[in-house]
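One-letter residues, chain by chain:
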Amino acid sequence: MDKIREFKEKTLSIGNVNVSPPTFLAPIADISDSIFRQIVKRFGGVGLVFSEMISSDALTRGCEKTKLMLRFEEEERPIFFQIVGKDPERMAMAAKMIEDIGADGLDINMGCPSKNVTKTGGGSALLNDLPLAGRIIKRVRKSISIPLTVKIRAGWNENSLVYNEIGKIAQEEGAQAVFFHGRTRKQMYSGTVNYNWIADLKSRLNIPVIGNGDIVDRETLLKMLETKCDGIMIARGAIKKPWIFHSLLEDRDVEVEKLIEIIEAQFKKLVEFYPENLAKHKMKLFLSWYSRSLPHGKSIRLKLNDAKTTEEVAEILVKYKSDYYD
Ligand SMILES: Cc1cc2nc3c(=O)[nH]c(=O)nc-3n(C[C@H](O)[C@H](O)[C@H](O)COP(=O)(O)O)c2cc1C
């Protein structure tokens, strides 16, 4: 556990951005919006937060829903935004737009396994076209002066592991850190993260390598730190428990009742900020994830499908609270 104490005191510099402790809230589509990032930030223990991934095509074409993703508050800093796409020019334009709104750094998504993204040639599809991946990094690097990072998976499948190649390319083209989810695209989220791949990449690059995958408690945090990675990133663990960074570093959990309070406040903000349909979608999504940390959470999930409005989703939480906590 001394290792965790030592880690907690570290500062990682990515360009001119100091990250202390070197812990990162991952980019999480539909989840890591400004409202959620503020919740995670307030618990403490997180050194830097990421936006959800932003389509470079949608952003540069002026899509209104995408513009909502650019919102952030000063208290969220330092904050990196992530873009996804395959066209170097559009990626560069999107990167500049993000620099102009005041982001502290920009990340390129080269890991997303979702079919919706890979069929357009972005995300982990770029692991199959390393020359194009290199051109994108180079072009984006030229368009901005804030720190640039790349988030990768190990390769398309086990027979095409390219993490060392893409890591080298990223470093040579001017990226200042690599975030590495130690799975292949084919694995999606199955199996377990491969710590050896992360240790291998870390031993070969001069820029920081941040380890990502399956960190949910102090044991898995220690396993990740054994790779000698420079920092750690968490996604799913943080959706289920937004206080995970605090609890990992301080070895203290938070009462479940606190989660109910957080959800109530978050729901109010979601309704205020988003159009009805998007707010309803997000409320359902969050409640489904959070319910995995709540006792009798299944009773919540069973009702989610039938909720037709934001009020009906909110009512599920009210009912849960009165059934189990009042
Ligand atoms: C619901 C969901 C949405 C995600 N969205 C993104 C995203 O927008 N960009 C990205 O690079 N990775 C995304 N990821 C991958 C995570 O950032 C992370 O790499 C992966 O979940 C492994 O970390 P974990 O084991 O801590 O969850 C997403 C993962 C999940 C579960």
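Residues numbered from 1 in each chain as written. Predicted model: local features only at pLDDT ≥ 70, side-chain atom pairs only at ≥ 80, totals over all residues. Heavy atoms only, no water.

Asker: What is the right way to look at helix α15 (residues 297–304) in this model?
Answerer: Because the α-helix completes a turn every 3.6 residues, residues three or four places apart line up on one side. Residues Gly297, Ile300 and Leu304 constitute the buried set of α15. Projected down its long axis, α15 carries its buried residues within an arc of 55 degrees, all on one side. Turned more than 90 degrees away from the buried face of α15, the exposed residues are Lys298 and Leu302. Buried residues belonging to α15 abut α14 (276–290) and α16 (310–324). (Buried < 20%, exposed > 50% of the residue type's maximum accessible area, 1.4 Å probe, protein only. Helix = DSSP H or I, 4+ residues; strand = E, 2+ residues; numbered from the N terminus. Arc of directions from axis to C-beta. Contact = heavy atoms within 4.5 Å.)

Asker: I'm lost on the packing of aromatic side chains in this one. Help?
Answerer: Aromatic ring pairs are described here by two measures, namely the spacing of the ring centres and the angle between the planes. A full pass over the atoms with the stated rule returns twelve aromatic pairs. Centre to centre, the rings of Phe36 and Phe286 are 5.5 Å apart; their planes meet at 40 degrees, and the pair counts as tilted. Placement of the pair is Phe36 in helix α2 (residues 34–43) and Phe286 in helix α14, with a sequence separation of 250 residues. Three or more aromatic residues joined by ring pairs make a cluster, and in this case those are Phe24, Phe50, Phe80 and Phe179. Its end group placed over the ring of Phe273, Arg71 keeps NZ or CZ at 4.1 Å from the ring centre. Over the face of the ring belonging to Tyr189 we find Arg153, whose NZ or CZ atom lies 5.1 Å from the ring centre. (Phe/Tyr/Trp six-rings, centres within 6.5 Å; stacked < 30°, edge-to-face > 60°. Lys NZ or Arg CZ within 6 Å of the ring centre and 35° of its normal.)

Asker: Help me out: how do you make sense of the site of the ligand in this one?
Answerer: With respect to spatial proximity, 16 residues lie near the ligand, and among them Gln82, Lys151, Asn212, Asp214 and Arg236 are the closest. Between the ligand and Arg236 there is a distance of 2.7 Å, counted from an oxygen atom to a side-chain nitrogen or oxygen. Burial of the ligand by the protein chains amounts to 90% of its free accessible area of 600 Å². Most atoms of the ligand, that is more than half of them, are within 2 Å of grid points of the largest pocket. For the shell around the ligand, the per-class residue count stands at eight nonpolar, five polar and three charged. (Near = heavy atom within 4 Å. Polar contact = N/O pair within 3.5 Å; in protein donor to acceptor, adjacent residues only side chain to side chain. Areas by Shrake-Rupley, 256 points an atom, 1.4 Å probe, with all protein chains shown as cover. 1 Å grid on protein atoms, 1.4 Å probe; cavity = no way out; pocket = protein on both sides within 12 Å on 5 of 7 lines; lining within 4 Å. Sits in = over half its atoms within 2 Å of the grid points. Nonpolar A, V, L, I, M, F, W, Y, C, P; charged D, E, K, R; others polar.)

Asker: Explain the side chain of Arg90 here, please?
Answerer: As for its position among the elements, Arg90 is in helix α5 (residues 88–100). One buried charged residue, Arg90, forms no salt bridge at all, with the nearest opposite charge on Asp57 at 4.1 Å. A polar contact of 2.7 Å, which involves the side chain of Arg90, links it to the side chain of Thr60. (Lys, Arg positive; Asp, Glu negative; His and termini not counted. Salt bridge = Lys/Arg side-chain N within 4 Å of Asp/Glu carboxyl O.)

Asker: Sorry if this is basic, but what is going on with the domain arrangement of the protein chain here?
Answerer: Accessible area lost on assembly of the parts is the figure often given for the size of an interface. Examined at the domain level, the protein chain breaks down into domain 1 (2–250) and domain 2 (256–324). One C-alpha centre belongs to domain 1, the other to domain 2; they are set 28 Å apart. Here domain 1 packs against domain 2, burying approximately 1700 Å² in sum over the two surfaces, 74% of which is carbon and sulfur. Sort the elements by how many residues they give to the side of domain 1 that touches domain 2 and α2 lands first, with six residues. Tallied by class, residues from the side of domain 1 that touches domain 2 come to nine nonpolar, one polar and nine charged. (Domains from an automatic or database assignment. Buried area = accessible area lost by both parts, 1.4 Å probe.)

Asker: Explain the state of the cysteines here, please?
Answerer: Two cysteines, two sulfur atoms, one covalent bond between them: this is a disulfide. In total, this model carries zero disulfides according to the counting rule given. Free of any disulfide, Cys63 has its nearest cysteine sulfur in Cys112, 17 Å distant. (Disulfide = S-S within 2.5 Å.)

Asker: Please clarify how the pattern of salt bridges should be interpreted in this entry.
Answerer: Pairing of side chains with opposite charge becomes possible as their charged atoms draw close. In total, this model carries 22 salt bridges according to the counting rule given. Its salt-bridge partner being Lys321, residue Glu264 comes within 3.0 Å of it at the nearest N-O pair. With a gap of 57 residues between them, Glu264 in helix α13 (residues 256–273) and Lys321 in helix α16 connect regions that are remote in the sequence. Among the residues examined, Glu264 registers a relative accessible area of 28% and is labelled partly exposed. Classification of Lys321 as partly exposed rests on a relative accessible area of 26%.

Asker: What is the right way to look at the pairing of strand β4 (residues 48–55) in this model?
Answerer: The two faces of a sheet get side chains in turn, since along a regular strand they alternate between them. Most of β4 is tucked away, with seven of its eight residues classed as buried. As judged from the two bridges shared by strand β3 (residues 23–25) and β4, these two strands associate in the parallel manner. In the strand pairing of β4, Leu25 is matched with Val49. (Pairing = 2+ DSSP bridges.)

Asker: So what exactly am I meant to see when it comes to the sheet that holds β3 here?
Answerer: Sheet strands associate in pairs through backbone hydrogen bonding, adopting either a parallel or an antiparallel arrangement. Taking strand neighbours around the barrel as the criterion, the eight strands line up as β3-β4-β5-β6-β7-β8-β9-β10 in a closed arrangement whose pairing is parallel. Strand after strand, the sheet turns through a mean of 25 degrees between neighbouring axes, direction not considered. Across five bridges, strand β6 (residues 105–110) lies against strand β7 (residues 148–152) in parallel orientation. If you follow Leu106 over to β7, its bridge partner there is Leu148. The strands touched by α5 are β4, β5 (79–84) and β6; relative to β5, the strand with the most contacts, the crossing angle is about 160 degrees. (Axes fitted to C-alpha atoms, helices over the stretch in contact; angles between N-to-C directions.)

Asker: Whenever I open this one, the layout of surface pockets confuses me. Can you help?
Answerer: Think of a ball as big as a water molecule: rolled over the atoms, this probe shows where empty space is left. Of the volumes computed, that of the largest pocket is approximately 700 Å³. Along the walls of the largest pocket sit 31 residues, with Pro27, Ile28, Ala29, Tyr189 and Ala235 positioned nearest its centre. Elements represented by at least two residues in the lining of the largest pocket include exactly β10 (231–234), α11 (236–240) and α14. Split by domain, the lining of the largest pocket shows at least three residues from each of two domains, domain 1 (2–250) and domain 2 (256–324). Size it by volume and the second largest pocket reaches roughly 410 Å³. Residue lining of the second largest pocket: 20 residues in total, with Ile54, Ser55, Ala58, Val84 and Val117 positioned closest to the centre. Secondary-structure elements contributing two or more residues to the lining of the second largest pocket are β4, α3 (56–60), α4 (64–67) and α6 (115–118). Taken together, the residues of the lining of the second largest pocket sort by class into eight nonpolar, six polar and six charged. (Points joined across faces, edges and corners; volume = space filled by probe spheres on them.)

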